[in-house]
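The primary structure of each chain is shown beneath.
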Amino acid sequence: MSDHLPLAGPAGPVSGPGARPENPGWADRFWLWDAYFAVTGVGVGTVVVADPRHPGPARLGVAVLFVALGAWYLAFGRPLMRDGIENWRGYVYLAGVVVLYVPAVLLSGSTSFLLFALCPQAFMVLPAAPAVVAVVLLNAVHVGVLAVRARDLAEVTAPLLIAALVVVVVSMIGIWSQRTVAESDRRAELIAELNRSRDEVARLSRQAGVTAERQRLAADIHDTVAQGLSSVVMLIQAADADLDRDPSSVRRHLGLAVDTARDSLAEVRALVAALTPGALTASPLAQALHRLVERFGRETGLAARCTAGGAIRPLGTSIEVVLLRATQEALANVRRHAAAGAVTVRLDHGPDTVVLQVVDDGAGFDQDDTGDGYGLAAMRARVAQVRGTLTVRSGAGEGTTIRVEVPYS
């Protein structure tokens, strides 16, 4: 990672060796550095050019060199600093600075005040170690000129100490700034990675939500429309069988088929509108179960009974839907597979949980040889959504008991 002085990245995507990560904030604030360099350059240049101690040609030469330094900065150095590029071009830029700065110092020692602008630039375009070397060389120019011109080396002692102090202070600040920049870049990368991870989590959550909703709709359709249509088909088949010998039975079967079709239609409308199941919209769960079991008995001719026990407590809509759907699926299995003579549905309200049991005296099945069909699998998934448990007890010739236990909250 690049770690020179800019406290942020470039204004736009920067490609190529030494390019820093994109960060519009640095480019937006770079005008502050432009202003600092301009004030320093113009101020020092004005003082030097206006100094009457220097002859006119020297002052003119300094003015030309200052203009050339400004043009070199704008044309070549500023893009490196603003866009955070750190490669061989930084060395080229500082070499050009030295070429223009040295003769300016030779013409006027006051030009060395320009180091207030040039030293920060060294850390903007070079890594720490080369930048320190560049700062040492830039400060050595003025000291060297003084040493050549001095009549006594004692005259160089104070400027040398000042130059050394400047090098130490500038190097400490420059290295600290570069490390701060590097840490800021690392944090920016971590934040960007966190944002990408958060977006990915949100995408996966939406996808999981879509999948769960599809599964829920599939289970609802299976428990309502599919079972209702199955009942209608069976009733119409029964009516067809009695068509020639028992017209009254035909009318009874057709009437039940119509009632079943209406109930299924109500369920479909509720699904479409994303409402509570039609059986629960106008009555509590216990009453809905009584009606469901009563209709099941009329349709199948089985001895069907529904009971409730315990102190009735209000249930959440999601829990009521789960218990109603579980009852519908259990009764559908009795109709299709059990060959039972009687079935009992019992709803018990306990202190912490509500328990639903559907018991039939049918043929049962061997649970080791028979896996869950879609109905039981969907029932287990639905019950798990409300933190409940589903237990199936059955054996060949022993009937089947389906038990659903759900906490109140």
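This section reports on the structure supplied with the text. This one's a predicted model, so the numbers in the text were calculated from it and none came from an experiment.

**Here we look at the environment of V404**
The topology assignment puts V404 in strand 5 (residues 400-407). Taking C-alpha positions, V404 is 9.4 Å from V322, a pair spaced 82 residues apart along the chain. Sequence-distant contacts of V404, that is, excluding residues within four places in its chain, are made with L323, A326, V354, V355, L356, V383, T389 and L390.

**Digging into the pairing of strand 5**
Of all eight residues in strand 5, six are buried; the element is thus mostly enclosed. Relative to strand 5, strand 3 (residues 353-360) runs antiparallel, the two sharing eight bridges. Considered in strand 5, the bridge of V355 is made with E405. Alignment of strand 4 (residues 389-394) against strand 5, held across six bridges, turns out to be antiparallel. Considered in strand 5, the bridge of V392 is made with I402. Connecting strand 4 to the next strand, strand 5, in antiparallel fashion are five residues, including G397 with a positive phi near 75 degrees.

**Some points on helix 4 (residues 115-125)**
Buried residues dominate helix 4, accounting for 10 of its 11 residues. Residues of helix 4 that are buried include every one of L115, A117, L118, C119, P120, Q121, A122, F123, M124 and V125, and no others.

**Remarks on the nonpolar core**
Within the largest apolar cluster, 36 residues are counted, with the highest numbers of intra-cluster contacts made by M81, Y93, L94, Y101 and V125. It is helix 4 that contributes the most residues to this core, eight residues altogether. If we ignore the near neighbours within four places in the chain, the residues touching Y101 are T111, S112, L114, L115, L118, L138 and V141. Core analysis: the second largest hydrophobic core is formed by 34 residues, C306, L315, L323 and A338 among them.

**Details of the packing of aromatic side chains**
The description of an aromatic ring pair rests on the distance of the ring centres and on the angle between the ring planes. Summed over all chains, the structure comprises six aromatic pairs. Pairing W72 with Y93 gives two aromatic rings, centres 6.0 Å apart and planes at 10 degrees, and the pair type is stacked. Of the two residues, W72 sits in helix 2 (residues 56-82) while Y93 sits in helix 3 (residues 88-107), which places them 21 residues apart along the sequence. Judged by its relative accessible area of 1%, Y93 is buried. One aromatic cluster is present, built from ring pairs that chain together W33, Y36, F37 and Y73. Residue placement shows R89 over the ring face of W88; its charged tip is 6.0 Å from the ring centre. Its guanidinium or amino end placed over the ring of Y408, R313 lies 3.9 Å from that ring's centre, counting from NZ or CZ.

**Side note on the pattern of salt bridges**
What the rule picks out here adds up to 10 salt bridges. With its nearest N and O atoms 3.6 Å apart, the salt bridge here joins E299 to R295. With E299 and R295 both in helix 9 (residues 285-300), this residue pair falls four residues apart, about one helical turn. Among the charged side chains, a network of salt bridges with common partners joins E183, R186 and R187.

**A short note on helix 2**
A rise of 1.5 Å per residue sets the reference length of helix 2, with its 27 residues, at 39 Å; its end C-alpha atoms lie 36 Å apart and thus fit the reference within 8%. When the local axis directions of helix 2 are compared, the greatest deviation, roughly 45 degrees, occurs at L74. Buried within helix 2 are the following residues: A58, V62, L65, F66, L69, Y73, G77, L80 and M81. Positioned one or two residues after helix 2, G84 has a phi angle of 65 degrees, which is positive.

**Some words on the sheet that holds strand 5**
The strands that make up a sheet pair up through hydrogen bonds in the backbone, lying either parallel or antiparallel. Reading across from one edge, 1-2-3-5-4 is the order of the five strands in this open sheet, with mixed pairing throughout. Of all strands in the sheet, those bounded by a partner on one side alone are strand 1 (303-310) and strand 4. Averaged over all adjacent pairs, the angle separating strand axes in this sheet is 10 degrees, with direction ignored. Where helix 9 meets the sheet, it contacts strand 1, strand 2 (342-349) and strand 3, and its direction lies at approximately 165 degrees from that of strand 1. Strands strand 2, strand 3 and strand 5 of the sheet are contacted by helix 10 (residues 317-338), whose axis makes an angle of about 10 degrees with strand 3.

**Some points on a nonpolar patch on the surface**
Taken together, the side chains of Y36, F113 and F116 define a hydrophobic patch exposed on the protein surface, amounting to about 330 Å² of accessible area. Mapped onto the secondary structure, F116 falls in helix 4.

Calculation notes
Residues numbered from 1 in each chain as written. Predicted model: local features only at pLDDT ≥ 70, side-chain atom pairs only at ≥ 80, totals over all residues. Heavy atoms only, no water. Helix = DSSP H or I, 4+ residues; strand = E, 2+ residues; numbered from the N terminus. Contact = heavy atoms within 4.5 Å. Buried < 20%, exposed > 50% of the residue type's maximum accessible area, 1.4 Å probe, protein only. Pairing = 2+ DSSP bridges. Core = buried A, V, L, I, M, F, W, Y, C linked by side-chain atoms within 4.5 Å. Phe/Tyr/Trp six-rings, centres within 6.5 Å; stacked < 30°, edge-to-face > 60°. Lys NZ or Arg CZ within 6 Å of the ring centre and 35° of its normal. Salt bridge = Lys/Arg side-chain N within 4 Å of Asp/Glu carboxyl O. Expected span 1.5 Å × (residues − 1). Bend = angle between axes of the 7 residues up to and from the residue. Axes fitted to C-alpha atoms, helices over the stretch in contact; angles between N-to-C directions. Patch = residues over 30% accessible without salt bridge, like charges linked within 9 Å, V, L, I, M, F, W, Y side chains within 5 Å. Areas by Shrake-Rupley, 256 points an atom, 1.4 Å probe, with all protein chains shown as cover.

It is worth stressing that arrangement in space is one thing and function is another; only the former is reported here.
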